[in-house]
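# A structural walkthrough
Next come the chains, spelled out residue by residue.
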Amino acid sequence: MNTLRKMNTLVRLRSVGGGTYRLYSAKDQKPKPQEKPKEKSGEKPKSGEKGNEKGKGAGDPAKKTTKVTMINGEGVGPEMMDAVQEVMCAVKAPIEWDIVEEYMAPDSEDVSLGVLESLCANKVGIKGPVESRHWQRQIRKQFAQFAYVSLCSNIKGLDTPYGDFDVVIIRDQMEGDYSGIEHSVVPGVMQTIKVSTTTGAARIAQFVFDYAMKHQRKKITVAHKANIMRMTDGNFLEAMRAEAEKHVEKIKFEERYLDTCILNILMKPHKCDVMVSSSMYGDVMRVLAGGMMGVSGICPGYSVSNLGTVFDSRMKACHALAGKDKANPTGPLLCAALMLRHLKMDQQADQVECAIRTVYKDSDIRTEDVGGKAKCSEFVKAVCGCLDKAK
């Protein structure tokens with residue numbers, strides 16, 4: 001029966017996989033019957049205007065209730081998602097949470113039907129950590145999450161030797177070394193297959209340049225080892241070159257070997273802008289740049305797909321800290337700010353990010369992983385306090 005339910009869900013997913021979908025909003029719901037709103041004296045309704053569209057927030061994305069999938073995950077995940085809910089409540093973000101606690105199928109490490117159905121319906125999600133590599137790989141493939149975007153920037157108040165930097169790292173998630181295709185050739189000899197398709201490389205190249213144009217980024221650097229892997233990395237590089245030709249006048253494009261890119265991130269991070277690569281290379285750069293912010297798991301990011309966007313900071317589950325109120329919620333909270341921006345709730349997004357950075361800049365409230373003694377709940381309370389003061 002579980003297998004039958006999975007097959008039915010997959011059919012539904014594939015049936016909607018070909019198009020681009022807009023975000024869930026209040027107008028996606030069938031209007032419920034309600035009393036005709038009272039008109040102000042002397043005010044006439046506009047031609048064609050419906051009564052149920054004149055309510056509070058009509059036409060303003062920041063005031064419409066948006067349904068968002070929340071995957072609690074494991075370890076410290078539920079605590080991190082509780083922190084996100086608390087801060088979203090403090091900033092009065094008009095979000096209705098669709099909370100999925102059972103993220104894994106009961107009889108395997110597959111993604112649960114509840115997760116699949118919720119994300120299919122809502123198109124936007126935020127998640128806590130899940131350690132299963134099988135689960136992570138499956139959700140990427142089920143939702144065609146072809147790219148992951150990491151926004152790495154220094155946080156004033158966290159002492160690091162790297163100075164000011166603002167680097168975006170975009171990596172492929174479907175192909176390259178992380179394609180998940182491996183097998184035993186003969187006893188004692190194992191093989192993993194690195195995949196690079198023309199279609200996949202062109203898709204991520206287009207996304208990267210579109211991202212740079214949308215966010216006024218001036219330079220894109222592609223990290224590769226095409227000198228060694230001439231076919232796979234060469235294919236990825238050719239796709240980037242082809243897309244770069246379309247944006248010569250507005251975006252600077254450069255090619256660097258992976259080792260040079262890593263050296264530049266460490267030695268000259270202020271000169272790095274948007275960096276893109278295949279799956280494994282990008283994962284290395286993401287972890288490195290996130291650590292430069294102060295601690296692993298603090299760097300916010302999101303997975304990109306035409307079926308929806310899922311936000312998470314790729315923090316570890318940290319089972320040893322679960323239930324002890326010691327985990328650092330900075331990464332998930334910064335992810336929540338990104339999510340608000342994605343939902344066109346820019347004012348709330350600015351307020352949340354400003355509050356987080358203010359706590360680091362103007363106080364000594366820190367969790368243990370960044371040299372402090374504060375509990376997770378104390379950090380969240382401080383962030384909410386900043387939000388209250390800003391009202």
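Residues numbered from 1 in each chain as written. Predicted model: local features only at pLDDT ≥ 70, side-chain atom pairs only at ≥ 80, totals over all residues. Heavy atoms only, no water.

In this section: the overall build of the chain. Helix and strand counts for the chain stand at 11 helices and 12 strands. Considering only intrachain contacts with a sequence separation of at least 6, the fraction spanning at least 24 residues in the chain is 74%. Here the chain has roughly 20400 Å² of accessible surface; of this, 52% comes from carbon and sulfur atoms. (Helix = DSSP H or I, 4+ residues; strand = E, 2+ residues; numbered from the N terminus. Contact = heavy atoms within 4.5 Å. Areas by Shrake-Rupley, 256 points an atom, 1.4 Å probe, with all protein chains shown as cover.)

Bringing the pattern of salt bridges into the picture now. Inspection of the entire model under this criterion finds 17 salt bridges. Through salt bridges with shared partners, one network takes in Arg341, Asp350, Glu353 and Arg357. (Salt bridge = Lys/Arg side-chain N within 4 Å of Asp/Glu carboxyl O.)

What follows concerns the pairing of strand E5 (residues 166–172). For E5, a buried count of 6 out of 7 residues is recorded, marking the element as mostly surrounded by other parts of the structure. Bridge count between strand E4 (residues 147–153) and E5: 7 bridges; the pairing is antiparallel. From the neighbouring strand, serine 150 faces E5, where its bridge partner is isoleucine 169. Pairing of E5 with strand E10 (residues 274–277) involves 4 bridges; the strand directions are parallel. Pairing of isoleucine 169 across the sheet is with methionine 275, part of E10. (Buried < 20%, exposed > 50% of the residue type's maximum accessible area, 1.4 Å probe, protein only. Pairing = 2+ DSSP bridges.)

In this model, glutamine 216 sits at a positive phi of 55°, which is unusual for a non-glycine residue. Structurally, glutamine 216 is set in the loop between helix H5 (198–214) and strand E8 (219–224). Positive phi, close to 45°, is recorded for cysteine 318, a residue that is not glycine. Examined against the element boundaries, cysteine 318 turns out to sit in the loop between strand E12 (309–311) and helix H9 (330–342). With a relative accessible area of 32%, cysteine 318 lands in the partly exposed category.

With that out of the way, let us pick up H5. Compared with the 24 Å implied by 1.5 Å per residue over 17 residues, the 24 Å span of H5 between its first and last C-alpha is a close match. If you check which residues of H5 are buried, you get Gly200, Ala201, Ile204, Ala205, Phe207, Val208, Phe209, Tyr211 and Ala212. Once H5 finishes, glutamine 216 follows within two positions and takes phi at roughly 55°, a positive value. (Expected span 1.5 Å × (residues − 1).)

Attention now moves to the sheet that holds strand E1 (residues 66–71). Within the open sheet, the 10 strands sit side by side as E2-E1-E3-E12-E11-E4-E5-E10-E8-E9. Their pairing is mixed. Each end of this open sheet is capped by a strand with a single partner; those strands are strand E2 (95–100) and strand E9 (252–257). Strand-to-strand twist across the sheet, computed as the mean angle between neighbouring axes with direction ignored, equals 25°. Its contacts with the sheet put helix H3 (residues 113–122) on E1, E2, strand E3 (124–127) and E12, and the angle it makes with E1 is roughly 155°. (Axes fitted to C-alpha atoms, helices over the stretch in contact; angles between N-to-C directions.)

It is worth spelling out the packing of helix H7 (residues 258–267) against helix H8 (residues 279–292) at this point. The relative placement of two packed helices comes down to the angle between their axes together with the axis-to-axis distance. One can describe the packing of H7 onto H8 by two numbers: an axis separation of 10 Å at closest approach and a directional angle of 10°. In terms of orientation, H7 and H8 fall into the roughly parallel class. Here Leu258, Cys261, Ile262, Ile265 and Leu266 of H7 lie close against H8, whose contacting residues are Tyr281, Val284, Met285, Leu288 and Met292. Of the residues assigned to the contact of H7 with H8, the class counts are 10 nonpolar, no polar and no charged. (Parallel < 35°, antiparallel > 145°, perpendicular 65-115°, else oblique. Nonpolar A, V, L, I, M, F, W, Y, C, P; charged D, E, K, R; others polar.)

Here we take up the packing of aromatic side chains. Counted under the stated rule, the structure contains 6 aromatic pairs. Taking 6.3 Å as the distance between ring centres and 45° as the angle between the ring planes, the aromatic pair formed by phenylalanine 207 and tyrosine 211 counts as tilted. Placement of both phenylalanine 207 and tyrosine 211 in helix H5 is noted, with a separation of 4 residues, approximately one turn of the helix. Through pairs of rings, three or more aromatic residues link up here, namely Phe146, Phe207 and Tyr211. One Lys or Arg, lysine 225, reaches over the ring of tyrosine 257 and ends 5.3 Å from the middle of that ring. (Phe/Tyr/Trp six-rings, centres within 6.5 Å; stacked < 30°, edge-to-face > 60°. Lys NZ or Arg CZ within 6 Å of the ring centre and 35° of its normal.)

Moving on to the pairing of E2. Bridge count between E1 and E2: 6 bridges; the pairing is parallel. Bridging from a neighbouring strand, isoleucine 71 pairs with valine 100 of E2.

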